[in-house]
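# Observations on the three-dimensional arrangement
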Amino acid sequence: MPDPRPTDGGLRLAPPPPDMPMTPIAVTGTALWGIAGLVMWIFRDSLESAGHGWWIDTCWAGVGLGLFGTFWMVLHDRRRPKDAE
């Protein structure tokens, strides 16, 4: 099969996936879960009276998993090739 060219209506090969630093993304997500947890903790009485007290626990679980994910992404970013930056 001949190599397809973009000008002749053929298919193009997909570009390689980006290899970007992931630690800032994990930190941002963890911080957002923490902010949401604090806001819900302020309104915990109204949440619990409406039967939504578990939302606060969900936020804290998000923070916990986010901390683990942040640790994992730090390790991932340390092992990235330096020329990918």
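Rules used in this analysis
Residues numbered from 1 in each chain as written. Predicted model: local features only at pLDDT ≥ 70, side-chain atom pairs only at ≥ 80, totals over all residues. Heavy atoms only, no water. Phe/Tyr/Trp six-rings, centres within 6.5 Å; stacked < 30°, edge-to-face > 60°. Buried < 20%, exposed > 50% of the residue type's maximum accessible area, 1.4 Å probe, protein only. Helix = DSSP H or I, 4+ residues; strand = E, 2+ residues; numbered from the N terminus. Lys NZ or Arg CZ within 6 Å of the ring centre and 35° of its normal. Expected span 1.5 Å × (residues − 1). Contact = heavy atoms within 4.5 Å.

### Remarks on the packing of aromatic side chains
- Inspection of every chain in the model, using the stated rule, returns 2 aromatic pairs.
- Between W54 and W55 the ring centres are 6.1 Å apart and the planes differ by 85°, which places this aromatic pair in the edge-to-face class.
- For W55, a relative accessible area of 32% gives the class partly exposed.
- Judged by centre distance (5.9 Å) and plane angle (35°), the rings of F68 and W72 are tilted. A residue pair is termed a helical-turn pair when its members lie 3 or 4 positions apart in one helix, as F68 and W72 do in helix α3 (residues 54–79) at 4 residues.
- A cation sits over an aromatic face here: R44 above W41, 4.4 Å from the ring centre.

### Let's talk about helix α1 (residues 23–42)
- Between its first and last C-alpha, α1 extends 29 Å over 20 residues, near the 28 Å set by a 1.5 Å rise per residue.
- Those residues of α1 hidden inside the fold are in contact with α3.

### Some remarks on α3
- Taking 1.5 Å as the rise per residue, α3 with 26 residues should run 38 Å; its terminal C-alpha atoms sit 38 Å apart, in good agreement.
- All of the buried residues along α3 are I56, C59, G62, V63, G66, T70 and D77.
- Residues of α3 that are buried sit in contact with α1 and α2 (44–49).

The values are spatial; any link to function lies outside them.
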